[in-house]
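As a plain string of letters, each chain reads:
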Number of protein chains: 4
Amino acid sequence: MHQMWGGRFSAAPEESFSQLNRSLPVDHRLWPQDIRGSKAWVRALAQAGILTPGEEQMLRDGLDRVARRLADGAGTGAPDEDVHTLVERLLYEEIGDLAGKLHTGRSRNDQVATDLRLWCLTALEQVDRELAGLGAALVAQAEKGMDLILPGYTHGQQAQPVRWAYVLLAHAWPLVRDRERLADAARRTAVLPLGSGALAGSGVPVDRDLLREELGFRAISPNALDATGERDFVVEIVFALALLLMHVSRLAGELVTYSSTEFGFVRLADGYCTGSSLMPQKRNPDVFELARVKVARTLGDLVGLLTALKGLPAGYSKDLQEDKAFLFDAVDTVLLTLPAVRGGVATMEPVAERMNAALQRGLLATDLADGLVAQGVPFREAHVLVGRLVQEAERLRVDLAAVPPEAARAIHGSLPALLASLGSFAESVERRATPGGSARASVLAQLSELAAAFRA
Amino acid sequence: MHQMWGGRFSAAPEESFSQLNRSLPVDHRLWPQDIRGSKAWVRALAQAGILTPGEEQMLRDGLDRVARRLADGAGTGAPDEDVHTLVERLLYEEIGDLAGKLHTGRSRNDQVATDLRLWCLTALEQVDRELAGLGAALVAQAEKGMDLILPGYTHGQQAQPVRWAYVLLAHAWPLVRDRERLADAARRTAVLPLGSGALAGSGVPVDRDLLREELGFRAISPNALDATGERDFVVEIVFALALLLMHVSRLAGELVTYSSTEFGFVRLADGYCTGSSLMPQKRNPDVFELARVKVARTLGDLVGLLTALKGLPAGYSKDLQEDKAFLFDAVDTVLLTLPAVRGGVATMEPVAERMNAALQRGLLATDLADGLVAQGVPFREAHVLVGRLVQEAERLRVDLAAVPPEAARAIHGSLPALLASLGSFAESVERRATPGGSARASVLAQLSELAAAFRA
Amino acid sequence: MHQMWGGRFSAAPEESFSQLNRSLPVDHRLWPQDIRGSKAWVRALAQAGILTPGEEQMLRDGLDRVARRLADGAGTGAPDEDVHTLVERLLYEEIGDLAGKLHTGRSRNDQVATDLRLWCLTALEQVDRELAGLGAALVAQAEKGMDLILPGYTHGQQAQPVRWAYVLLAHAWPLVRDRERLADAARRTAVLPLGSGALAGSGVPVDRDLLREELGFRAISPNALDATGERDFVVEIVFALALLLMHVSRLAGELVTYSSTEFGFVRLADGYCTGSSLMPQKRNPDVFELARVKVARTLGDLVGLLTALKGLPAGYSKDLQEDKAFLFDAVDTVLLTLPAVRGGVATMEPVAERMNAALQRGLLATDLADGLVAQGVPFREAHVLVGRLVQEAERLRVDLAAVPPEAARAIHGSLPALLASLGSFAESVERRATPGGSARASVLAQLSELAAAFRA
Amino acid sequence: MHQMWGGRFSAAPEESFSQLNRSLPVDHRLWPQDIRGSKAWVRALAQAGILTPGEEQMLRDGLDRVARRLADGAGTGAPDEDVHTLVERLLYEEIGDLAGKLHTGRSRNDQVATDLRLWCLTALEQVDRELAGLGAALVAQAEKGMDLILPGYTHGQQAQPVRWAYVLLAHAWPLVRDRERLADAARRTAVLPLGSGALAGSGVPVDRDLLREELGFRAISPNALDATGERDFVVEIVFALALLLMHVSRLAGELVTYSSTEFGFVRLADGYCTGSSLMPQKRNPDVFELARVKVARTLGDLVGLLTALKGLPAGYSKDLQEDKAFLFDAVDTVLLTLPAVRGGVATMEPVAERMNAALQRGLLATDLADGLVAQGVPFREAHVLVGRLVQEAERLRVDLAAVPPEAARAIHGSLPALLASLGSFAESVERRATPGGSARASVLAQLSELAAAFRA
């Protein structure tokens, strides 16, 4: 069995330890990054005079052949310790002893940090694209829902009437922030560790700036002990993914509620529901239930990562190997969830008549208070007066607008007139016309800004 | 494609949703439990008069054939939604339309809860066995280490001399508590959900007590809405596993320290170390570094589980499907870690000369204070006096015992004599003779109790 | 400033360090336990011949006087490092130099572990009492709600009709399990650390069994290094509290949904709601929103605790000091939440007409399928046929029972007759008569078992 | 009792609910922000024509008087529901009924979000200042430690020699990243929610851009439902603090190790240690033990926050009230920890002779392999050969450099000469001269960059 170490050892790893120690089942997917990093390293070694041009060519060609074999599945079920050993073993198979020069001046410590950062940068692009896709689906639904009015809720209780478009966009804006955070994380990820050696810098005078350019990084790491032993970029990415899925959980939770029989505001497409094995009538909003729960996975990953790193000294400790299980799980979870949610959102249908039917007159209570304020009543007092009116309506078990004028007048002289001129829910929506409000102009402005933001 | 629902649907699941929704990649390993539960269910249906004896026989035979096919890999790469659908589909393949009678009066909600509890009970036994194995390895090392004295530490600083056996046993006792907690969890897991239907009980008058007995449960669940919608047993098991691995992380962390060049108290076997790809001299305590970090995985799983469950209504929600990813990861992590740690502990060798060399005279300061107490000095004052002696020794840069008599006498008249009769580190160990202490008698008693506890 | 150490130090703690280091602001509430433990220790020292009977009496009297001063507020704003130093300082003030004998053979390490276990045992009793109170409130509501039928839900969708009592009891059973877990935790907490010294046992031959008896513990700790350095009991208690509040979050979340305008199944009492500062009509279910969120606090505490302990060597490290902040926060949170939730549950009113109005005929689909099964149709086929009927009803936009006979017959010949004899929702409930189901007999049995469990 | 709601209620909050519901004990510290936000709101109301210039003046003066009373302790023990109610009540006391006009067009939902963002911006500045302080202390120590060589570690094992300055700077660079993350968080925090009303925008046409400018925000929130119901900025800040304290835990953990008797690389100042109540010789590195554990608090806070938010619908739910407990705990923890760690770092003293004594010849094994590479041996082969030499040295129980020439030659012909010219540890350090390495030039460059970064 090929090993990247072992000269000083008298015994091979015991089976139980090998099971625990081998990372190939997890890190095998880093092979494209490992090849790419190794090809850049070969170039740097050649520039530093460690390899002849001929050796450089043979090594790079060999790595290309290894890449083709891996793309064809040569890594499946491979017995190697990790992806780096796998690649080195295959390279020996391709080009013989010259393969032994590849690792000159390099350590798996700076190698894996480089592979992982390359992998993350690609993953961040994929996530960003999927996020934009979900955002665009929300915007598209919102465009169709501009004229649908439904109750807006706080505390799970009807609060003020709002546009359906507005509610959807309230779930789109967090995605804009998520993309900013992902971009910030990408900026901090694009720092090259290669050339850091095991902990103290490389013994070969490679040109790290050339490596940086060849691998597309933004900067080079300033301290090798830090560069090989830190995983801040992984933690930050997993955090950004957890926060992102928290947003998705809120959207999804709200849509589960809205798809209940009792609310009935949206109807999901068949293709995003499942039935029951027992109850023939069931049509369950599984896509949004699953989208609601997935934040739990990424939160678990985040906790695991930070716990793993707690208290470690600077520099590489084997504990860091665990980082990939958390990172890959978080990225996979997000990339599994977002397309399904986008599909669920894109295909659901709002049910205007149920939204309409749900609107209770109490949603206009603030307008009544504002009406009293317009007549000079201090708001706090107006609030109390309308509160009494609401109480009276409940006592009489009538709609707010149906409180008899004399009863209303007993509370405040202007109330009967205000009640008489209360207007529609749509008019009420237009009354909240500050930027960011639910009035048409604000929602149109939001739509236009978000449509641009999510256009890729 | 076989489905357990769909009569009322006009469209099949969309691809992105299907990816998110399918649990077979995770829950396929429940097939033995699913078969076992289904066979019991068939018996109960027959007893309730729903199936004829002939149908019962055919269904049970069919399920046995399905089990054999699954054992032979029939589930690999299967396209089904989940393990229950897979089993039902194969049963149709084996016995035709009669398979359609299996699910009478049952729901996947009570079915999966039953499968999962059966799986957990087996997993708990395995974990318990591995824990006992690690405990026995610690006891075996302790038996050999009875006469090795080393510094005992608090705050990472030398505190009082102790036996090597005693330190090892301090890490064995937590495993005893872990096993108690696992047993408590098993007791609460052994409650049968089958017969709960989807949420409200089964429409078929099955004898749940017969099911309980056939499946080896301790009790039957008292409320079907609770039984199908709760995952307390999973949470409790994952918690017990996280706490268990926290104990392992403490043992492992201490052994990483002791295997450093600077401490050098233990030497690991080659079979539990790896080297460096760059530095030829390296011999890293990977087994204990990995054992130190694994608690992070289970803590992440625990957080994920509790977050998943937070705020859900009673009864089954699809969010519950996520439970298995957390549970399986936690159990797998523990079963991967414990055998390797046991091997690492069993094969490591204590290094008596390094332990000996590390013992500093300051470790006997408490004995000095106790000596003053024996002469009537209140302990708090004795503590101050010996503290001054320590300070004096540091000022003079000498060993505590080498403080000149006149300087010691200036602090307290009895100190020179006490210093002269200070005795050995082994004698000091014997002075702490309360039950549970590091003196020989206590450690022997612990050894004997623990040896019995960890004997299979 | 009184200190329990310092003889060997040349400088006092710096201000910034002292701020970080002082635990008195957190641990001051342990004073009753600290006094109690110290009085027992005095007795043990006397029995061991370390104190004369006269000294014993003076020390115990002195401690009583210190207790009275602390009960009168002597600890408020005290400058001491921790509660142990505070008590020792006050004891010096009361009885002079004899106070210096109190700490003979003891360490703050075994002292604080003892104090904390005593505190936990009391806290567990309080929590248990409050849990029983909440359980009793649920039972009382359930007794009144036996005849109220409402939709039962899975996936947030109407599934089968159930009794209101049954739903409430589904939230009561988890509390029974919580109490079992708390009792298990209490059993493991009731182990005496006192007499363990700092790490290696006490240098004084105290009778630990006498201490155990005097302080009401069940057993004595078997290894002093373990006893002073482990906090398993704290972790286990905080876990049990987190799981408990997870249950409360599920109850609360469901009640928030049921108190919405759209569901309207329960109406909270005014005394458990608040209004809005802006919207006069609002009446928010704050008690259940807050009860829903509080699990987050205890989950945070649990994560913090396990993270704090990860990787520490055996024996005391200062990191352990952090345990109390987590423990106290978790206990306080639970003791703040449970009484309010109990009150909210006890005073809410079910709204029978809204429950009734919500019942959709689709809830009887399983009964229809069972009807086909009774005629020999395999259940899986019956499920498909009723699914088609549901689809037909939706296509026609009619109630399930209103599908024209010819259309029903086209699906299956028996369906028209089955539809005609479908019966009431209450009859459907009675059809699920397995133990644990929603039928009257099962619910009555549950009520009686739970009423007994929560009495006391 | 003054309330901001209640007109429609017939009963006051019950005691148990009031205990749970009141946030004043936590949010009272927001009063300066609440006053500041209210004064800006008054101005905006006046500009919108809702208040006359006279009313504006009276309200702003009244708020100033309220601020003075609160600065003098008027909030201590106040019975109010929250800080907003407290301020409004005091304003009524100061200026009478006109106070009732303050809340026109505003909700506590946009108010508290504004207060909280203002508070966070100040807190972020404080944290940033303290971080720079810790960074500067590391740099100052590093400047003194440029010529101290000690073993560098990976896996807790000696790896290659490095400069003490270099190790310290490896812990300083993460703080640079932390400050970037805090700045990113601050940018996203500086978005004004005020003018969002309760959920749908304000009913008063206030100029939100004027509010933004007056309160020093960067932008205005684009959707009121999002603005009042999201706490991303809190989550992001708490995450950044948790990651920051994770870095501190790594620094602290390493220093605890280095301050052990066995390593002995640093000696802490007396003012940052404590002693033992039992063992007179103890001198514990408490400052770094506590600094190691504090990440647990902030990780718990982060988990709590994300769990609290999971699954909530858009807009305000009472669950959000819990945000402040997490945020304040995290900020307080950081502001308590950083000054003490800075002090501990600034005053500790490196112990050159112990660092020197710890250097083992094996640290030069990589140099030997590099020597073979210089002679044309492929690195992988050179690694094996030096590994054999290490093994031989261990077998002979001699220093690597003391392996007899014939034995070395048997492994590879060049080894005796390479061993003879192995050079000093300092020379070895200089051999790793890539940017970011431990060689003098790189460390000087790092020092200069970091000194500038941490200069206030």
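About the criteria used
- Residues numbered from 1 in each chain as written.
- Chains lettered and ligands numbered in written order.
- Predicted model: local features only at pLDDT ≥ 70, side-chain atom pairs only at ≥ 80, totals over all residues.
- Heavy atoms only, no water.
- Least-squares fit on C-alpha atoms with pLDDT ≥ 70 in both.
- Phe/Tyr/Trp six-rings, centres within 6.5 Å; stacked < 30°, edge-to-face > 60°.
- Helix = DSSP H or I, 4+ residues; strand = E, 2+ residues; numbered from the N terminus.
- Buried < 20%, exposed > 50% of the residue type's maximum accessible area, 1.4 Å probe, protein only.
- Contact = heavy atoms within 4.5 Å.
- Buried area = accessible area lost by both parts, 1.4 Å probe.
- Salt bridge = Lys/Arg side-chain N within 4 Å of Asp/Glu carboxyl O.
- Polar contact = N/O pair within 3.5 Å; in protein donor to acceptor, adjacent residues only side chain to side chain.
- Nonpolar A, V, L, I, M, F, W, Y, C, P; charged D, E, K, R; others polar.
- Expected span 1.5 Å × (residues − 1).
- Domains from an automatic or database assignment.
- Arc of directions from axis to C-beta.
- Axes fitted to C-alpha atoms, helices over the stretch in contact; angles between N-to-C directions.
- Parallel < 35°, antiparallel > 145°, perpendicular 65-115°, else oblique.
- Core = buried A, V, L, I, M, F, W, Y, C linked by side-chain atoms within 4.5 Å.
- Pairing = 2+ DSSP bridges.

**Focus on the relation of the copies chain A and chain D**
Now for step 1: For these two chains of identical sequence, chain A goes onto chain D by a turn of 180° and a shift of 0.0 Å along the axis, with RMSD 0.0 Å. Taken together, these values place the two copies in the relation of a two-fold axis.

**Let's talk about the packing of aromatic side chains**
Ring pairs (aromatic) are described by centroid distance and by the angle formed between their planes.
Now for step 1: Per the stated rule, a full pass over the model turns up 40 aromatic pairs over all chains.
Now for step 2: Here Phe17 of chain A and Tyr272 of chain B contribute two aromatic rings whose centre-to-centre distance is 6.0 Å and whose plane-to-plane angle is 50°, an arrangement assigned as tilted. Here Tyr272 of chain B lies in the loop between strand 5 (266-267) and helix 11 (286-293) and Phe17 of chain A lies in helix 1 (residues 15-21), a pairing that spans two chains.
Now for step 3: Using a relative accessible area of 6% as the deciding quantity, one classes Tyr272 of chain B as buried.
Now for step 4: Aromatic side chains Trp119 of chain B and Phe328 of chain B sit 4.6 Å apart centroid to centroid with 50° between the ring planes, which places their arrangement in the tilted category. Linking Trp119 of chain B in helix 6 (residues 108-144) with Phe328 of chain B in helix 13 (residues 323-347), this pair joins segments that are 209 residues apart in sequence.
Now for step 5: Aromatic ring contacts, followed pair by pair, group Tyr153, Trp164, Tyr258, Phe263 and Phe265 of chain A together with Tyr153, Trp164, Tyr258, Phe263 and Phe265 of chain C into a single cluster.

**Overview of the interface of chain A and chain D**
Now for step 1: On the chain D side, the residues contacting the 106 residues of chain A number 106 residues.
Now for step 2: Its largest share of buried area at the contact with chain D, chain A owes to Arg8, Arg250 and Arg380 of chain A, together 9% of the area lost on that side.
Now for step 3: At the surface where chain A touches chain D, the tally comes to 21 salt bridges.
Now for step 4: Here Arg177 of chain A makes a salt bridge to Asp226 of chain D, at a shortest N to O gap of 2.9 Å.
Now for step 5: Applying the counting criterion to the chain A and chain D interface returns 66 residue pairs in polar contact (both at pLDDT 80 or more).
Now for step 6: Residues of the side of chain A that touches chain D, tallied by class, amount to 44 nonpolar, 36 polar and 26 charged.

**What to know about helix 4 (residues 53-71) of chain B**
Count 3.6 residues to each turn of an α-helix, and residues three or four apart come out pointing the same way.
Residue and element names in this part refer to chain B.
Now for step 1: Between the first and last C-alpha of helix 4 there are 27 Å, a value that for 19 residues agrees with the 27 Å anticipated at 1.5 Å per step.
Now for step 2: On its buried face, helix 4 sits against helix 3 (31-47), helix 5 (83-95) and helix 8 (208-215).
Now for step 3: Backbone geometry just downstream of helix 4 places Gly73 in the positive-phi region, at approximately 100°.

**Topic: the relation of the copies chain C and chain D**
Now for step 1: Once turned by 180° and shifted 0.0 Å along the axis, chain C lies on chain D with an RMSD of 0.0 Å.
Now for step 2: A share of 100% of the interface residues of chain C reappears at the interface of chain D, consistent with the copies meeting face to face through the same patch.

**Some details on the domain arrangement of chain A**
All names here are of chain A.
Now for step 1: When the domains of chain A are assigned, the result is domain 1 (15-104), domain 2 (109-357) and domain 3 (360-455).
Now for step 2: Counting residues at the interface gives 26 residues for domain 1 and 23 residues for domain 2.
Now for step 3: Together, the buried faces of domain 1 and domain 2 total about 2100 Å²; carbon and sulfur atoms form 63% of this surface.
Now for step 4: Linking domain 1 with domain 2 are three salt bridges.
Now for step 5: Between Glu214 and Arg43 there is a salt bridge whose closest N-O contact spans 3.7 Å.
Now for step 6: Across the domain 1-domain 2 interface, the total number found is six residue pairs in polar contact (both at pLDDT 80 or more).
Now for step 7: Counting residues per element, the ones that place at least two in the side of domain 1 that touches domain 2 are helix 1, helix 2 (24-27) and helix 3 (31-47).
Now for step 8: Of the residues assigned to the side of domain 1 that touches domain 2, the class counts are nine nonpolar, nine polar and eight charged.

**Section: helix 4 (residues 53-71) of chain C**
Residues and elements named next belong to chain C.
Now for step 1: Buried within helix 4 we find Glu55, Glu56, Leu59, Arg60, Gly62, Leu63, Val66, Ala67 and Leu70. Down the axis of helix 4, the buried side of the element spans an arc of 160°, and every buried residue falls inside it. Facing away from the buried side of helix 4 by over 90 degrees, the exposed positions are Pro53, Arg68 and Ala71.
Now for step 2: The elements touched by buried residues of helix 4 are helix 3 (31-47), helix 5 (83-95) and helix 8 (208-215).

**Quick word on the interface of chain C and chain D**
Now for step 1: Contacts between chain C and chain D engage 64 residues on the former and 64 residues on the latter.
Now for step 2: Between chain C and chain D, a total of about 5400 Å² is buried, with carbon and sulfur atoms accounting for 64% of that surface.
Now for step 3: Counting the contacts that link chain C with chain D gives eight salt bridges.
Now for step 4: Residue Arg297 of chain C pairs with Glu322 of chain D through a salt bridge whose shortest N-O separation is 2.5 Å.

**What to know about the environment of Ala11 of chain C**
Residues and elements named next belong to chain C.
Now for step 1: One can find Ala11 in the segment before helix 1 (15-21).
Now for step 2: For Ala11, a relative accessible area of 35% translates into the label partly exposed.
Now for step 3: It is 86 Å that separates the C-alpha atoms of Ala11 and Leu385, two residues lying 374 residues apart in sequence.

**Describing the environment of Asp34 of chain B**
Residues and elements named next belong to chain B.
Now for step 1: Of note, Asp34 is situated in helix 3.
Now for step 2: Taking the relative accessible area as the measure of exposure, Asp34 reaches 1% and is therefore buried.
Now for step 3: The spacing of Asp34 and Asp115 is 81 residues in sequence and 5.5 Å in space, taken between C-alpha atoms.
Now for step 4: Those residues in contact with Asp34, other than ones at most four positions away along the chain, are Val83, His84, Val87, Gln111 and Asp115.

**Topic: the pattern of salt bridges**
Now for step 1: Considering all chains together, one arrives at 183 salt bridges over all chains under this definition.
Now for step 2: Across the salt bridge formed by Asp82 of chain A and Arg108 of chain A, the nearest N and O atoms sit 2.9 Å from each other. Of the two residues, Asp82 of chain A is situated in the loop between helix 4 (53-71) and helix 5 (83-95) and Arg108 of chain A in helix 6 (residues 108-144); the sequence distance between them amounts to 26 residues. Neither residue differs from the other here; Asp82 of chain A and Arg108 of chain A are each classed as buried.
Now for step 3: Across the salt bridge formed by Arg177 of chain C and Asp232 of chain B, the nearest N and O atoms sit 3.0 Å from each other. Of the two residues, Arg177 of chain C is situated in helix 7 (residues 164-189) and Asp232 of chain B in helix 10 (residues 232-258); the pairing between them involves two chains.
Now for step 4: Taking relative accessible area as the criterion, Arg177 of chain C reaches 13% and is therefore assigned buried.

**A few points about unusual backbone geometry**
Now for step 1: With a phi angle near 55°, Arg397 of chain A is a residue other than glycine that sits in the positive phi range.
Now for step 2: Of note, Arg397 of chain A is situated in the loop between helix 16 (379-396) and helix 17 (405-411).

**Topic: the packing of helix 3 (residues 31-47) of chain D against helix 4 (residues 53-71) of chain D**
Residue and element names in this part refer to chain D.
Now for step 1: Relative orientation of the contacting elements helix 3 and helix 4 amounts to 175°, with a least axis distance of 9 Å. Here helix 3 lies roughly antiparallel to helix 4, going by the angle between them. Here Trp31, Ile35, Ser38, Lys39, Ala40, Val42, Arg43 and Ala46 of helix 3 lie close against helix 4, whose contacting residues are Glu56, Leu59, Arg60, Leu63, Asp64, Val66, Ala67, Leu70 and Ala71.
Now for step 2: Among the residues making up the contact of helix 3 with helix 4, the classes are represented as 11 nonpolar, one polar and five charged.

**Some details on the side chain of Thr85 of chain C**
Residue and element names in this part refer to chain C.
Now for step 1: With respect to the helices, strands and loops of the structure, Thr85 is situated in helix 5.
Now for step 2: Thr85 gets classed as buried once you look at its relative accessible area, which sits at 0%.
Now for step 3: Polar contacts involving the side chain of Thr85 include one to the side chain of Asp82, which spans 2.7 Å.
Now for step 4: Apart from the residues within four sequence positions on either side, Thr85 is in contact with His2, Gln3, Met4, Asp80 and Arg108.

**Let's talk about the side chain of Thr274 of chain C**
Now for step 1: For Thr274 of chain C, the location among the structural elements is in the loop between strand 5 (266-267) and helix 11 (286-293).
Now for step 2: In terms of polar contacts, Thr274 of chain C uses its side chain to reach the side chain of Asp286 of chain C, at 2.8 Å.
Now for step 3: Not counting residues within four places of it along the chain, the set of residues in contact with Thr274 of chain C comprises Lys282, Arg283, Asn284 and Asp286 of chain C together with Trp5, Phe9, Phe17, Asn21, Glu81 and Lys318 of chain D.

**Focus: the nonpolar core**
Now for step 1: In terms of nonpolar packing, the biggest core is built from 670 residues, with Trp164 of chain A, Trp164 of chain B, Trp164 of chain C together with Trp164 of chain D touching the most fellow members.
Now for step 2: What Trp164 of chain C contacts, discounting residues up to four positions off in sequence, is Gln141, Gly145, Leu148, Leu150, Leu255, Tyr258, Val266, Met348, Pro350 and Met355 of chain C.

**Points about the environment of Ile95 of chain B**
Now for step 1: Secondary-structure assignment places Ile95 of chain B in helix 5.
Now for step 2: In contact with Ile95 of chain B, not counting residues within four places along its chain, are Met58, Leu59, Gly62 and Arg65 of chain B.

**What to know about the pairing of strand 1 (residues 149-154) of chain A**
Now for step 1: For strand 1 of chain A, a buried count of six out of six residues is recorded, marking the element as mostly surrounded by other parts of the structure.
Now for step 2: Where strand 1 of chain A folds back on strand 2 (residues 157-163) of chain A, the antiparallel hairpin that results is connected by two residues, among which His155 of chain A adopts a positive phi of roughly 55°.

**Re the pairing of strand 2 (residues 157-163) of chain C**
For a regular strand, side-chain orientation follows a simple rule: the groups alternate between the two sheet faces.
All names here are of chain C.
Now for step 1: The element strand 2 is extensively covered by neighbouring structure, given that seven of its seven residues are classed as buried.
Now for step 2: With six bridges joining them, strand 1 (residues 149-154) and strand 2 adopt antiparallel strand pairing. Considered in strand 2, the bridge of Thr154 is made with Gln157.

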